[in-house]
Amino acid sequence: MAKRNRRVGYGLPVVLAIAVHVVALLLTMLRLPDSEPTPSSSSVVQATLVSDVTATDQAQYAQEARARAAQRQAEEAAQQAAEQQAQEAAQQAAEQQAQEQAQQQESQRQAAAEQAQAESERRQQAAEQAAAERAKAEEQQKAAEAARQAEREKQQAEAEAAKQRQAEEAKKAEAEAEKKRQAEEAEKKAEAEAEKKAEAEAEKKAEAEAEKKRQAEEAKKKAAAEAEKKRQAEEAKKKAAAEAEKKRQAEAAAKEAAAEALSDSISNEQERIANAEQSDQASNSFINLVKRAVEDRWHLPANVDNGLVAQVRVRLGPSGELLAASITRSSGNPSFDRSATQAVEAAAPFRELQQLDAGLQRRFRDFNLKFTPGDIQ
């Protein structure tokens, strides 16, 4: 009776321990698919097609996946450790409570352990399969990304090549346009230079023609002026010659008349002198004849001062020719002095000197004449 009560008392804890162990296994089995769902092939393919992440993101994703797998393994290991502890506690309680049920509990524990080991192996296989699938998906994603990157690089290279070709074509077209523009500018410049040169030559030719015409006109005017000047000079020369001839004839006539008059006067004076008793009277008569002859040839300058006085020394030759007429006393007026000497020169020669006696001739071969505006002494 006592034995029955002890068995009933140990049987309840054993049942509870087994129930806890079964519940823990069920919870683990039920939670594993939720915590790590296996991606379907369509999801992997879709993820591979639409994913456009970088290699750095893929590495980060793989690292996170490995971390999650490690965390799950740690949780499973902890859970297994907890289950093992609970089993050990249940076993200890069962051994303490019921020695007779130890074999049965041991068999059940072994069955549960084998089942748990099988479940753990299944979960590990599932995890490895999931990791393999994820790795495969990552590889596919990397391959797709590499393909896309290669495609992008190819497109970029083609775009760069096209851009470079366009740039080279544009540069070539620009060079051609610049060359054409320079050629046009050179042609325009050459045309402008030619036109400018032609205009300059035409202008130079016109200026040369104008200069030639001007020089011809000037030469013509100069020739006309020279001809006119020459004609005027010839006319003036002819007129001067005519005037000189007229004056010479007048002077010759006057001189001849004066000479005749002087000769007559001298003859008369000589007769009178011959009859005179003194030589002074004869000399005065000759001097008077000389003064009258000089007065007839004397042209007094205009606007002279009446107070002017000039003395002229007269030197005659044996026949009465004038040897010299010089100013011995100047009046201070060159024109007045020059008129006095010119009058003596115009009145000479004094041929009447030969009709005088030899003694009187020597006396009157050197004498002075005093000129004042109103008289000659």
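Everything below is about the structure shown above.
What counts, and where the lines are drawn
Residues numbered from 1 in each chain as written. Predicted model: local features only at pLDDT ≥ 70, side-chain atom pairs only at ≥ 80, totals over all residues. Heavy atoms only, no water. Helix = DSSP H or I, 4+ residues; strand = E, 2+ residues; numbered from the N terminus. Buried < 20%, exposed > 50% of the residue type's maximum accessible area, 1.4 Å probe, protein only. Areas by Shrake-Rupley, 256 points an atom, 1.4 Å probe, with all protein chains shown as cover. Core = buried A, V, L, I, M, F, W, Y, C linked by side-chain atoms within 4.5 Å. Contact = heavy atoms within 4.5 Å. Salt bridge = Lys/Arg side-chain N within 4 Å of Asp/Glu carboxyl O. Expected span 1.5 Å × (residues − 1). Pairing = 2+ DSSP bridges. Patch = residues over 30% accessible without salt bridge, like charges linked within 9 Å, V, L, I, M, F, W, Y side chains within 5 Å. Phe/Tyr/Trp six-rings, centres within 6.5 Å; stacked < 30°, edge-to-face > 60°.

Trainee: Just to check I follow, could you spell out the overall build of the protein chain for this structure?
Mentor: A count of helical and extended segments in the protein chain gives seven helices and four strands. Ordering the α and β elements of the protein chain from the N terminus gives α-α-α-α-α-β-β-α-α-β-β. In the protein chain, which comprises 377 residues, the proportion classed as buried is 24%. Carbon together with sulfur atoms contributes 51% to the accessible area of the protein chain, which is approximately 26,500 Å² in total.

Trainee: What exactly am I supposed to notice about the nonpolar core here?
Mentor: Generally speaking, nonpolar side chains in soluble globular proteins are found buried as a group. Within the largest apolar cluster, 28 residues are counted, with the highest numbers of intra-cluster contacts made by V294, V344, F350, L369 and F371. For this core, the elements supplying multiple residues, two or more each, are helix 5 (279-297), strand 1 (310-316), helix 6 (334-347) and strand 3 (366-372). Aside from chain neighbours lying at most four places away, what touches V294 is A343, V344, A347, F350, L369, F371 and I376.

Trainee: Sorry if this is basic, but what is going on with the pattern of salt bridges here?
Mentor: Should the charged atoms of two oppositely charged side chains come close, the side chains can pair. Counted according to the given criterion, the structure contains ten salt bridges. The partner of E119 in a salt bridge is R122, with the nearest N and O atoms 2.2 Å apart. Of this pair, E119 and R122 both sit in helix 4 (residues 102-275), three residues apart, roughly one helical turn. A salt bridge links E145 to R152, with the nearest nitrogen and oxygen atoms 3.0 Å apart. Residue classification places E145 among the buried positions, given a relative accessible area of 10%. Taken together, the shared-partner salt bridges in this structure form one network comprising E76, E119, R122 and R123.

Trainee: Please clarify how helix 6 should be interpreted in this entry.
Mentor: The periodicity of an α-helix, 3.6 residues per turn, causes residues three or four positions apart to be oriented the same way. Taking 1.5 Å per residue as the helical rise, helix 6 with its 14 residues ought to reach 20 Å, and the 20 Å between its terminal C-alpha atoms agrees with that figure. All of the buried residues in helix 6 are F336, D337, S339, A340, T341, A343, V344 and A347.

Trainee: Would you mind going over the sheet that holds strand 3 with me for this structure?
Mentor: Strand-to-strand pairing in sheets goes through backbone hydrogen bonds, with the strands running parallel or antiparallel. Strand order in the open sheet made by the four strands is 2-1-3-4, with antiparallel pairing throughout. Edge positions in the sheet fall to strand 2 (322-329) and strand 4 (375-376), since each of these pairs with one other strand and no more.

Trainee: Please explain a nonpolar patch on the surface as it appears in this structure.
Mentor: A cluster of nonpolar side chains, namely I18, V22 and L26, defines an oily patch on the protein surface of about 230 Å² accessible area. Secondary-structure assignment places L26 in helix 1 (residues 2-35). L26 sits in the partly exposed class, given a relative accessible area of 47%.

Trainee: Any chance you could explain the packing of aromatic side chains here in plain terms?
Mentor: How two aromatic rings sit relative to each other is set out by the distance from centre to centre and by the angle between their planes. All chains considered together, the criterion is met by two aromatic pairs. Ring geometry for W298 and F336: centres 5.8 Å apart, planes at 70°, overall edge-to-face. You can see W298 sitting in the loop between helix 5 and strand 1 and its partner F336 sitting in helix 6, a full 38 residues away along the chain. Each member of the pair W298 and F336 is classed as buried. The interplanar angle of 80° and the centroid separation of 5.2 Å between the aromatic rings of W298 and F371 together place this pair among those described as edge-to-face. Of this pair, W298 sits in the loop between helix 5 and strand 1 while F371 sits in strand 3, and the two are 73 residues apart along the sequence. This pair shows no difference in class: W298 is buried, exactly as F371 is. An aromatic cluster of three or more residues is present, and its members are W298, F336 and F371.

Remember that the coordinates give geometry; whether it matters functionally is a separate question.
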